[in-house]
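Residue strings, one per chain:
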Amino acid sequence: MSSPNIVLVHGAWADGSSWSAVIERLQADGYNVTAPQFPETSLADDVARLRHVLSLQTGPTLVAGHSYGGQIMTALGTDAPNAVGLVYIAAFGLDEGESIGALLAQGGPPTPALAHLVIDDTGFAWIPEDDFVNHFAADVDPVKAKVMFAVQQPLAASTLEDVMGVPAWKSLPTWFLVAEGDQAIPPEAERQFAARMGATTVEVSSNHVAMVSHPEDVVKLIETAAESLSA
């Protein structure tokens, strides 16, 4: 087939613009790219948004997700419209019956990026500026990291307890970028996700937001996946 479309799924405390450097490079290489905004009001709402966007694609589509974006695309299950492959960028790749909250609790104390989450009176979680700049976006220029902090989109805390159904990675080919310096998701957890899904895996000396700090590496993996699917 010809090159697949590419849909990029942002994570929590971010928005579609977090993919900007990746989008520019993919578009320059001729790919049709969509990076929608996700409400992060519930996992069900986010999956519904992704299904809608996938249904609007013309033909086969590669889905790439960062962080909680991996949770969204994993929760597509086995019948996602037009989806032909999944690329995880420092992302959650849960199996059936697992939740993000339970997984993070297994690792002992919270990771530095998530150690001081503020849950507001409507049930949304925010990352304080110090943790955002120094841990969540640790290898991003501080000026840019502060802009990312300013536009952070809070995550409904309920999503941390949502239990995964049959994961999409059980029925689609997968690729995984492990961020070796990740201070949000433990790198060892990322390696375990990648291993059990049988993903084609690369490791990058990056912190959590690899698509911002190491866009070339992210693009390389996405294009490797796209070329594999179109071969």
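Bear in mind the structure is a predicted one, so any value in this text is a computation, not a measurement.

1. Section: the layout of surface pockets
Space inside the largest pocket adds up to approximately 440 Å³. Ile100, Leu103, Leu104, Ala105 and Leu114 are, among the 29 residues lining the largest pocket, the residues nearest its centre. Among the secondary structure elements, those contributing two or more residues to the lining of the largest pocket are helix H4 (100-106) and helix H7 (187-197). Here the lining of the largest pocket takes 6 residues from H4, the largest share from any one element. Of the residues belonging to the lining of the largest pocket, the class tally is 19 nonpolar, 8 polar and 2 charged. If you add up the space inside the second largest pocket, you get close to 200 Å³. In terms of lining residues, the second largest pocket is bounded by 14 residues, among which Ser17, Ser18, Lys144, Met148 and Val212 are the most central. Among the elements of the structure, helix H1 (20-28), helix H6 (142-150) and helix H8 (210-213) are those that each provide at least two residues to the lining of the second largest pocket. Residues that form the lining of the second largest pocket fall into these classes: 9 nonpolar, 3 polar and 2 charged.

2. Quick notes on the packing of aromatic side chains
Here the structure, examined in full by the defined rule, presents 5 aromatic pairs. Aromatic side chains Tyr88 and Phe176 sit 5.6 Å apart centroid to centroid with 5° between the ring planes, which places their arrangement in the stacked category. On the criterion of sequence distance, the pair formed by Tyr88 in strand E4 (residues 83-89) and Phe176 in strand E8 (residues 174-179) is long-range, its members being 88 residues apart. On the basis of relative accessible area, Phe176 is assigned to the buried category, the value being 0%. For the ring pair Phe132 and Phe136, a centre distance of 4.7 Å and an interplane angle of 40° mean the geometry is tilted. Of this pair, Phe132 and Phe136 are both found in helix H5 (residues 129-136), 4 residues apart, which corresponds to roughly one turn of the helix. Across the pair, Phe136 and Phe132 agree in class, each one buried. Put simply, the rings of Trp13, Phe132, Phe136 and Phe149 pair up and form one aromatic cluster.

3. Structural notes on helix H9 (residues 215-230)
The end-to-end C-alpha separation of H9 is 22 Å, in line with the 22 Å expected for 16 residues at 1.5 Å each. Where H9 is concerned, the buried positions are Pro215, Val218, Val219, Leu221, Ile222, Glu223, Ala225, Ala226 and Leu229.

4. Considerations on the side chain of Ser213
Mapped onto the elements of the fold, Ser213 is located in helix H8. In this structure the side chain of Ser213 is engaged in a polar contact, spanning 3.4 Å, whose partner is the side chain of Ser206. When residues no more than four places from it in sequence are discounted, the contact partners of Ser213 are Asp139, Val140 and Ser206.

5. Things to note about unusual backbone geometry
Here Trp13, not a glycine, exhibits a phi torsion of approximately 60°, which is positive. Note on placement: Trp13 falls in the loop between strand E1 (5-9) and H1. The backbone phi angle of Glu40 is positive, close to 60°, even though this residue is not glycine. Mapped onto the secondary structure, Glu40 falls in the loop between strand E2 (33-34) and helix H2 (43-56).

6. As for the sheet that holds E2
Across the sheet, 6 strands lie side by side as E2-E1-E3-E4-E8-E9; this open sheet has parallel pairing. The open sheet has two edge strands with one neighbour each: E2 and strand E9 (200-204). Alignment of E1 against E2, held across 2 bridges, turns out to be parallel. Opposite Ile6, over in E2, you have Val33 as the bridge partner.

Cut-offs used in this document
- Residues numbered from 1 in each chain as written.
- Predicted model: local features only at pLDDT ≥ 70, side-chain atom pairs only at ≥ 80, totals over all residues.
- Heavy atoms only, no water.
- 1 Å grid on protein atoms, 1.4 Å probe; cavity = no way out; pocket = protein on both sides within 12 Å on 5 of 7 lines; lining within 4 Å.
- Points joined across faces, edges and corners; volume = space filled by probe spheres on them.
- Helix = DSSP H or I, 4+ residues; strand = E, 2+ residues; numbered from the N terminus.
- Nonpolar A, V, L, I, M, F, W, Y, C, P; charged D, E, K, R; others polar.
- Phe/Tyr/Trp six-rings, centres within 6.5 Å; stacked < 30°, edge-to-face > 60°.
- Buried < 20%, exposed > 50% of the residue type's maximum accessible area, 1.4 Å probe, protein only.
- Expected span 1.5 Å × (residues − 1).
- Polar contact = N/O pair within 3.5 Å; in protein donor to acceptor, adjacent residues only side chain to side chain.
- Contact = heavy atoms within 4.5 Å.
- Pairing = 2+ DSSP bridges.

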